[in-house]
Amino acid sequence: MSGHSSSYEPTSRWGKWWDERLPIMRMMHGQFVEFPTPRNLNYLWTFGGILMLCLVAQIVTGVVLAMHYQPSDVAAFDAIEHIRRNVNYGWMIRNFHAVGASMFFIAVYIHIFRGLYYGSYKAPREILWILGVVILLLMMATAFMGYVLPWGQMSFWGATVITNLFSALDTVWSGLGTAIVEWLWGGYSVSGVTLNRFFSLHYLLPFVLTGVVILHVWALHITGQNNPDGLDLKQPSDSVPMHPYATAKDFVGMFAFLILFAWFVFFLPDYLGHPDNYTEANPLVTPPHIVPEWYFLPFYAILRAFTGSFLGIPLGGFAKLMGVIAMFGSILVLVFAPWLDTSRVRSAKYRPIFKWAFWVFAFTCLALGYLGSLPAEGVYVFWAQIFTVIYFAFFLIAMPIIGLIETPKPLPRSITDAVLGSGAAAKA
Amino acid sequence: MKNLISLSAASLLALSALTGASGAAETAAAHHEIVRQPWSFAGFKGQFDRAQLQRGFQVYKEVCAACHGLKRVYFRNLAEPGGPVFPEEAVRELAASWPNQIPEMNDQGEIAGKGGELFKRPAKLSDPILGPYLNDRQARAAQNGALPPDLSVIAKARGVHREVHWAIHPFLMLGDILQGYQEGGPDYLYALLTGYTEPPADVTVGEGMSFNTAFPGHQLAMPPPLSDGSITYQDGTKPTVDNYARDVSAFLAWAADPSLDQRKRIGWVVMLYLLVTTVLLYFGKRRIWSKLH
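What counts and how
- Sequence order as written defines residue numbering, which begins from 1 separately in each chain.
- Throughout, the order in which chains and ligands are written sets their labels, letters from A for the former and numbers from 1 for the latter.
- Residue-level local features of this predicted model are given only where pLDDT is at least 70; pairs of side-chain atoms are given and counted only at 80 or more, and the full residue set underlies all totals for whole chains, interfaces and linings.
- Hydrogen atoms and water are omitted, and side-chain values are computed over all heavy atoms in the structure.
- Note on contacts: a residue pair is in contact if any heavy atoms of the two residues lie within 4.5 Å.
- Take the accessible area each of two parts loses on contact, using a 1.4 Å probe, and add the two losses: that sum is the buried area.
- Criterion for a salt bridge: a side-chain nitrogen of Lys or Arg within 4 Å of a carboxyl oxygen of Asp or Glu.
- Two N or O atoms count as a polar contact when they lie within 3.5 Å, although within protein this holds only if one can serve as hydrogen donor and the other as acceptor, and sequence-adjacent residues are included solely when both atoms are side-chain atoms.
- Helix and strand labels come from DSSP, where a helix needs a run of H or I of at least four residues and a strand needs a run of E of at least two; each type is numbered from the N terminus.
- Each helix should span, by expectation, one fewer than its residue count multiplied by 1.5 Å.
- What we call the bend at a residue is the angle made by axes fitted to the seven residues finishing there and the seven residues starting there.
- A simple rule labels every residue: compare its accessible area, found with a 1.4 Å probe on the protein chains alone, to the largest value its type can have, and call it buried under 20%, exposed over 50%, or partly exposed in between.
- Put simply, a nonpolar core is a bunch of buried Ala, Val, Leu, Ile, Met, Phe, Trp, Tyr and Cys residues held in one set by side-chain atoms that sit within 4.5 Å of each other.

Observations concerning the interface of chain B and chain A
Moving on, step 1. The interface of chain B with chain A comprises 47 residues on the first partner and 42 residues on the second.
Moving on, step 2. Interface area lost by chain B to chain A is led by B:Arg72, B:Arg263 and B:Trp289, which between them contribute 17%.
Moving on, step 3. Remark: the boundary between chain B and chain A carries 4 salt bridges.
Moving on, step 4. B:Lys156 is the partner of A:Asp270 in a salt bridge, and the nearest nitrogen-oxygen pair spans 2.6 Å.
Moving on, step 5. Here chain B is connected to chain A by 12 residue pairs in polar contact (both at pLDDT 80 or more).

Encoded structure:
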């Protein structure tokens, strides 16, 4: 699709002058105006554009917030209150940024689940998919460090718990984990030094993220978009030009998403946060119940599912290390999805068994999220272990096996057939 | 070593089981659901009631301010729109007569006199509303070891935790989101201020502590601050603990979120704009796509 030629012809002298030197308008015209998009895309395909909007909104609001913020353990909490109270419309910018992080994750999770359902990870889109996993990891790192910046109790203790995960490496090589953790902290505990470097990285990573997003879009424009039927573009009638067709749809999706976004910004700005983060960080007082932001809860549940034993299997001193490996593994396993899935059919629409597995997996993620918000005790640990097993089983067992045993439903011959019914292709 | 670890793990488990059990007994003894109150500023429609904020400030000034500061709120805020909106001149006088003055350097750049006492000046409109203590240590020394927290963001720093069945949880969440429920803080504060009772027979209250149904753990160093008739309202509102608690909780909700009124008003316009634009874009999209079919 990158070979897709651009019919751009500059009309003005200025345009011609540019085009001979840097044909960026030609490229934009080819890739974002004429670019063929499958005509059967549904609204789930608007989330790419929505995510782009989220990224830009986070960077713009973040840059403004950084103008008023002070990354120091004595000033950070006051700086947030200063922004909320004294900066003109500071409350709005801050709400946009804090709520924006959650909206970014809502959108990215929908985007990922769409990819899983319609098989967007499969050949030839493996690199596109893996770049997406890299983006997810960068988002997580950025969001985690961003949550530390208000320097409330959850900021501090969340940072303490999560950075301490690396100390699990002590069981691999004595002292290694501790050394890494102290290196991350810049001291012997989370402190103002840690806050300062987290602020630096929180400002840096979104630009790294933007770079990977550009690669992601590039890869997308090489392979072209997947679609609800999981079919390749075969004939001109299978696609429509990106503009005005896909763009018109993208704008509807974006504005509908903004309704949700604005609802939280203006009416529920603190709903997605934790009240404890309005108490200034205090290294001497541990909150009774440390929880991360909602978008980390499923992973947090997986981490904490590894207690002294896992479903009756004693783990001894390796429990923490296993938990950490499982937590990071739960994201990294996505990288292997293109090769774990043995089915040649992409879309779950035509995969009767995989469709079930997908919904079980989706429920599992929600259940893990719920369990992650509860204390790790009693029956909750048991269920977290069960759902952790199902989580990994989806990738490691269901994906390879279902592809081998399942009989897919007959696929339409083309996207045009899928949209207009067979036989319509000739007319279209 | 391994035995030791498993032993300590076992004892930890036993301990947590014990505390869990005693916690359950405790809640059974004094179970007190924190009830949602009909705040004027509740939900996506609500706005602050100016008269209530004025009464609430009076309660803060006459009762709470004896121990608690409000250091992130400035005197000028009391005269700004969206709050109690006292006349500016009255606030200026209030600031000048506020007992807790503003520490300031003298002309020689010294912060304290020969005896170590800080130089201070009367507050102005642009100054924060300070509590009686210079720092946490002084507060603890005066309060028998307990620390009266600053109340500027207390209404945001507290919430209500609901124990519900997992299957109901998503629906309650959705209900809260649709209503725009964000009043857990004031609900809790109201429950706390009206939650002082005699302890159940099986509970021994520590020395200097008070029993409170809403406070986590139920034993609180703050003695009951309000009593019927202790404050005289100017506007004829009944001088009851219930009203004092309600008004001061509303005031603290404003102190923690002084832009609430403006935020929601802008929010309505934004929602209207987004809804209309989304509908227009949708029909535009349909029109564009109709050429294809």
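Focus on helix H5 (residues 90-117) of chain A
Residues and elements named next belong to chain A.
Moving on, step 1. Compared with an ideal rise of 1.5 Å per residue, which puts 28 residues at 40 Å, H5 spans 40 Å between its outermost C-alpha atoms and is within 8% of the ideal.
Moving on, step 2. Along its length, H5 shows its largest kink, about 30°, at Gly100.
Moving on, step 3. Across the 28 residues of H5, 22 count as buried, placing the element largely inside the fold.
Moving on, step 4. Count one or two residues on from H5 and you reach Gly119, which has phi positive near 70°.

Here we look at the nonpolar core
Moving on, step 1. Formed by 120 residues in total, the largest nonpolar core has its most connected members in A:Phe105, A:Tyr109, A:Leu116, A:Leu136, A:Tyr391, A:Phe395 and A:Met399.
Moving on, step 2. Take this core: its biggest share by element is 14 residues, from helix H6 (residues 126-148) of chain A.
Moving on, step 3. Residues within four places of A:Leu116 in sequence aside, it is in contact with A:Tyr121, A:Trp129, A:Phe354, A:Phe358, A:Phe361, A:Phe395 and A:Met399.
Moving on, step 4. In terms of nonpolar packing, the next biggest core, distinct from the first, is built from 51 residues, B:Ile102, B:Leu151, B:Tyr196 and B:Val248 among them.

As for the pattern of salt bridges
Moving on, step 1. For the structure shown, the criterion picks out 27 salt bridges over all chains.
Moving on, step 2. A salt bridge links A:Lys122 to A:Asp341, with the nearest nitrogen and oxygen atoms 3.2 Å apart. Pair noted here: A:Lys122 is in the loop between H5 and H6 and A:Asp341 is in the loop between helix H13 (337-340) and helix H14 (352-372), with a separation of 219 residues, a long-range link.
Moving on, step 3. What emerges from the salt-bridge pattern is a single network uniting A:Glu81, A:Arg84, A:Arg85, A:Arg94, A:Asp270, B:Lys156, B:Asp257 and B:Arg263.

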